[in-house]
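Chain by chain, the residues:
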Amino acid sequence: MSVRQLENPFASPFRASCIVFVLILAASLSIFASPLLVLVPLVGAVLLWAIVRHPTAAAGAVLAFMPFDFMVIALGKFFGFPHMTLISACDKEVVWLLLAFLLWRRNGFMLATPDLFMLACFMLAVIRTAFGGTLAGLVLDFAFVIPYFVGRMTVLTTKQEHLWASCAVWIVGVLSVLGLTEIFIFGEGPRTLLYLAIDSETEAGQLTASFHGVGFGGLREAATMVGPNDFGVLCMVALIIWWVYYRNPLPAAMIAVGLICSVTRAAWLGTAVAIPLLALIMQQGKKLVLYAALALALFAAAVPVLGLGDYLFATKTGQDTSMDWHRDSILNGLKYAADHPFGSGNTRLNPQNLKRDTNLTIFETTYPYVAAEYGIAASLCLVGFFFSALFLLWRKQSQLGYAVSGILVGMSVVMVITLPLRDRRLSAWALLPIGMAVQSAICRVTPRVAATPEPLNGETA
């Protein structure tokens, strides 16, 4: 006899009655109090019930919301909604921790080699912070740890895996196209006003230099992300996912436009390394030649439209001072780490404190940055995490394994040049799939989970 046949016949009417009762109670209370005070706890209770009931779907929804998170919070602050600063500081970590607990209860957990490297890196950072540093800096630097372990405890069906890939590709594709309106129609005025109001990414009343470039007079595309560098890497991740899961060239063209318009060389380089490598291991030589030709044609067409000629010339001739700055940042970071093998804490080197102290030393390169703050051993553990995860997934001939291998390679290249993991939204898009792939690779699916995977439509099995 099926589970539905054994279900209490009064269960469905009882649930409907409870919902009606809550709605009537909320309407009655709204007479005596502000509707907002009644609505917010009610919505919160409904969301909490949905998360507890369907944690896998909730994790997917939170991940899908991440590219929009910054802009929603920023607009909330701009229009004066209350408690937006508190929401910005706490919402994601609290939700991720709750999801990690619920998914652990449902799917269990067994340590793998990448987990050991990740935990070792984090514990070394905690120990170093205890001897000098701030908890806020530690949380900001290692916010990517929680989404990774959420992914480690997430078990997806094939249908859910393809839904994740489809949503990722189309979300970034649509954002890439919508972001063009800021470049060609609205200009940087609206974003400047927004950032001035919330005290973010501005210098002397203008957007920071990261929105422009030497020899480039236009505006780099950032869409709904904090800045163009973060958006460029997001496009790289989405393009890698498209390469593995899709044949339709339309979303690829949309994402490629965003990647080009972000004018992010680190993301360009990461994409140029990751996708040919995937084509090699997936034996897609013809596809690579075709799409490489189309990408070069698209890039060539974008050069006069965006005015990238002088920018590319400055890059080619070495006149771009930002390239010198990145090179010096890497070399100085390595030298600083060698002089401080146990790190110097996250107070002196944290970019978050740059507005308060313009004399801070900043290394905008991930591996030397981690070594300079938390010690060489912590940085080596981070490198070990990426290599061990790549080694584990390299031999797993599955779409998820291929996609995440590409993400690992692309992110590793980007991290040589910038600090992508400090953006909590971007790091979630990269680290949660890595966790999912590691989980899939070690085959920790219990018979109960394998027999009754969580349905996509929210119905009970």
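A quick note: this is a predicted structure, and the numbers were derived from the prediction, not measured. (Residues numbered from 1 in each chain as written. Predicted model: local features only at pLDDT ≥ 70, side-chain atom pairs only at ≥ 80, totals over all residues. Heavy atoms only, no water.)

Visitor: Please give an account of the overall build of the protein chain that cites residues and values.
Guide: Along the backbone of the protein chain there are 21 helices and two strands. The proportion of buried residues among the 461 residues of the protein chain is 47%. (Helix = DSSP H or I, 4+ residues; strand = E, 2+ residues; numbered from the N terminus. Buried < 20%, exposed > 50% of the residue type's maximum accessible area, 1.4 Å probe, protein only.)

Visitor: Mind laying out unusual backbone geometry, listing which residues take part and the relevant values?
Guide: At D199, a position not held by glycine, the phi torsion is positive, near 55°. Positionally, D199 belongs in the loop between α10 (189–198) and β1 (202–203). According to the relative accessible area criterion, D199 is exposed, its value standing at 55%.

Visitor: So what's going on with empty space enclosed by the protein? Residues and values would help.
Guide: For the structure on display, the rule yields two cavities of 30 Å³ or more. Computed from the structure, the largest cavity encloses a volume of approximately 100 Å³. If you trace the largest cavity, you find it lined by D141, F142, F144, T366, Y369, V370, Y374, L382, L419, P420, L421 and R422. Among the elements that make up the lining of the largest cavity, the one with the highest residue count is helix α17 (residues 366–374) (four residues). Along the lines of polarity and charge, the residues of the lining of the largest cavity split into nine nonpolar, one polar and two charged. (1 Å grid on protein atoms, 1.4 Å probe; cavity = no way out; pocket = protein on both sides within 12 Å on 5 of 7 lines; lining within 4 Å. Points joined across faces, edges and corners; volume = space filled by probe spheres on them. Nonpolar A, V, L, I, M, F, W, Y, C, P; charged D, E, K, R; others polar.)

Visitor: Go over the nonpolar core with me, naming the residues and quoting the values.
Guide: Residues I241, Y245, M411, L431 and I434 are the most contacted members of the largest nonpolar core, which totals 104 residues. Apart from the residues within four sequence positions on either side, I241 is in contact with W164, A165, A168, V169 and I407. (Core = buried A, V, L, I, M, F, W, Y, C linked by side-chain atoms within 4.5 Å. Contact = heavy atoms within 4.5 Å.)

Visitor: Got a sec to walk through the confidence of the model for the protein chain? Specific residues and values, please.
Guide: As a note on interpretation, predicted positions should not be read in detail where pLDDT is low. Mean pLDDT over the protein chain works out to 83, with 82% of the residues at or above the 70 mark. Here residues 1–6 scores under 50 on pLDDT; set against residues more than four positions off or in separate chains, the count is four contacts. Below a pLDDT of 50 lies the segment residues 444–461, which in the model reaches 28 contacts outside its immediate sequence neighbourhood of four places, other chains included. (pLDDT = per-residue confidence, 0-100.)

Visitor: An account of the pattern of salt bridges is requested, with residue identities and associated values reported.
Guide: Inspection of every chain in the model, using the stated rule, returns five salt bridges. Between D69 and R425 there is a salt bridge, and its shortest N-O distance comes to 3.0 Å. In this pair, D69 sits in helix α4 (residues 55–78) while R425 sits in helix α20 (residues 424–441), placing the two residues 356 residues apart along the sequence. Of the charged contacts, one joins R152 and D115 as a salt bridge, the two residues approaching to 2.6 Å between their closest N and O atoms. Taken as a pair, R152 in helix α8 (residues 145–152) and D115 in helix α6 (residues 113–130) lie far apart in primary sequence, 37 residues in all. (Salt bridge = Lys/Arg side-chain N within 4 Å of Asp/Glu carboxyl O.)

Visitor: So, the packing of aromatic side chains: which residues are in play, and what are the values?
Guide: Given two aromatic rings, their pairing is described by the distance between the two centres and the angle made by the two planes. Using the criterion set out here, one finds 17 aromatic pairs in the structure. Summarising the aromatic geometry, the rings of F109 and F149 are spaced 6.0 Å apart at their centres and angled 65° between planes, so their arrangement reads as edge-to-face. Of this pair, F109 sits in the loop between α5 (84–107) and α6 while F149 is found in helix α8, placing the two residues 40 residues apart along the sequence. Judged by its relative accessible area of 30%, F109 falls in the partly exposed class. Here F142 and Y374 contribute two aromatic rings whose centre-to-centre distance is 5.4 Å and whose plane-to-plane angle is 65°, an arrangement assigned as edge-to-face. (Phe/Tyr/Trp six-rings, centres within 6.5 Å; stacked < 30°, edge-to-face > 60°.)

Visitor: Explain the state of the cysteines to me, and be specific about the residues and the numbers.
Guide: All chains considered together, the criterion is met by zero disulfides. A disulfide-free cysteine, C121 has its sulfur positioned 6.0 Å from the sulfur of C381, the nearest such atom. Of the cysteine sulfurs around C261, a residue in no disulfide, the closest is that of C235, at 9.2 Å. The exposure class of C261 is buried, given its relative accessible area of 6%. (Disulfide = S-S within 2.5 Å.)

Visitor: For the packing of helix α11 (residues 228–245) against helix α12 (residues 249–261), give the residues involved together with the corresponding values.
Guide: Close contact between α11 and α12 brings their axes to 9 Å; oriented N to C, the two are set at 160°. Comparing their axes, α12 and α11 come out roughly antiparallel. The interaxial crossing formed by α11 with α12 has left-handed handedness. Contacts from F231, G232, C235, M236, A238, L239 and W242 of α11 reach α12 at P249, P251, A252, I255, G258 and L259. Each residue belonging to the contact of α11 with α12 can be placed in one class, and the counts come to 11 nonpolar, two polar and no charged. (Axes fitted to C-alpha atoms, helices over the stretch in contact; angles between N-to-C directions. Parallel < 35°, antiparallel > 145°, perpendicular 65-115°, else oblique. Left-handed = near helix turned anticlockwise from the far one by under 90°.)

Visitor: Describe in detail the packing of helix α18 (residues 376–394) against helix α19 (residues 399–417), supporting the description with residues and values.
Guide: Packing of α18 against α19 brings their axes to within 9 Å, and their N-to-C directions diverge by 155°. Classified by the angle their axes make, α18 and α19 are roughly antiparallel. α18 and α19 meet at a crossing whose hand is left-handed. Taken together, the residues of α19 that come into contact with α18 (itself represented by L382, F386, A389, L390, L393 and W394) are G401, V404, S405, L408, V409, M411, S412 and M415. Among the residues making up the contact of α18 with α19, the classes are represented as 11 nonpolar, three polar and no charged.

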